[in-house]
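Remarks on the overall topology
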Amino acid sequence: STVTLQLVPAHELYISEGPMRLNECLSRIGELSARFEFFKAWWVPHTGFVHAFCIDRNPVPPMSQIAHEPAPEASAHAAAADAAQDPLRSDETSHAQLSDFLGSRAGGAV
């Protein structure tokens, strides 16, 4: 028997993740799915929130370049992760708000 593998160039994954209101996620799912290579959202039952993940590939330079070049201070994706540009950040939702909300539902323990 024969096995054929399809390979892709080496890459890292850049992930932007965080809480998002369920209704916002549902209204933006087409936009987020088109904008990122991978998009997923985990619904947190009975809260009205999801934990959303926006994922893109970040190419890795060949080993010959890595050995001779100093590491950059920040990748291009790190700049895109700035809170002002983060696709998951909205004026409505923050990690602290979600934690407070879930803590109140769980008797204060999150």
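This section reports on the structure supplied with the text. (Residues numbered from 1 in each chain as written. Predicted model: local features only at pLDDT ≥ 70, side-chain atom pairs only at ≥ 80, totals over all residues. Heavy atoms only, no water.)

**Examining the overall build of the protein**
Scanning the protein from terminus to terminus reveals four helices and three strands. Put simply, the protein runs from its N terminus to its C terminus through helices and strands in the order β-α-β-β-α-α-α. Taken across its 110 residues, the protein has 25% of its residues classed as buried. Here the analysis covers contacts within the protein between residues at least 6 apart in sequence; of these, 62% occur between residues at least 24 apart. Of the accessible surface of the protein, which amounts to about 7,900 Å², a share of 58% is contributed by carbon and sulfur atoms. (Helix = DSSP H or I, 4+ residues; strand = E, 2+ residues; numbered from the N terminus. Buried < 20%, exposed > 50% of the residue type's maximum accessible area, 1.4 Å probe, protein only. Contact = heavy atoms within 4.5 Å. Areas by Shrake-Rupley, 256 points an atom, 1.4 Å probe, with all protein chains shown as cover.)

**Concerning the sheet that holds strand 2 (residues 38-44)**
Spatial strand order, 1-3-2: three strands in an open sheet with antiparallel pairing. This sheet does not close on itself; its edge strands, each paired only once, are strand 1 (11-21) and strand 2. This sheet shows a mean twist of 20° between the axes of neighbouring strands, independent of strand direction. (Pairing = 2+ DSSP bridges. Axes fitted to C-alpha atoms, helices over the stretch in contact; angles between N-to-C directions.)

**Quick notes on the packing of aromatic side chains**
Tallied over the entire structure, the rule returns one aromatic pair. For K40, the ring lying beneath its charged end belongs to F53, and the centroid distance is 4.8 Å. (Phe/Tyr/Trp six-rings, centres within 6.5 Å; stacked < 30°, edge-to-face > 60°. Lys NZ or Arg CZ within 6 Å of the ring centre and 35° of its normal.)

**As for the environment of E37**
Along the chain, the position of E37 falls in the loop between helix 1 (22-35) and strand 2. Judged by its relative accessible area of 40%, E37 is partly exposed. The spatial distance from the C-alpha of E37 to the C-alpha of D56 is 5.2 Å, given a sequence separation of 19 residues. Sequence-distant contacts of E37, defined by excluding residues within four places in its chain, comprise I55, D56 and R57. A polar contact is formed between the side chain of E37 and the side chain of R57, at a distance of 2.8 Å. (Polar contact = N/O pair within 3.5 Å; in protein donor to acceptor, adjacent residues only side chain to side chain.)

**Describing unusual backbone geometry**
With a phi close to 65°, H46 is a non-glycine residue in the positive phi region. Checked against the element boundaries, H46 lands in the loop between strand 2 and strand 3 (49-59).

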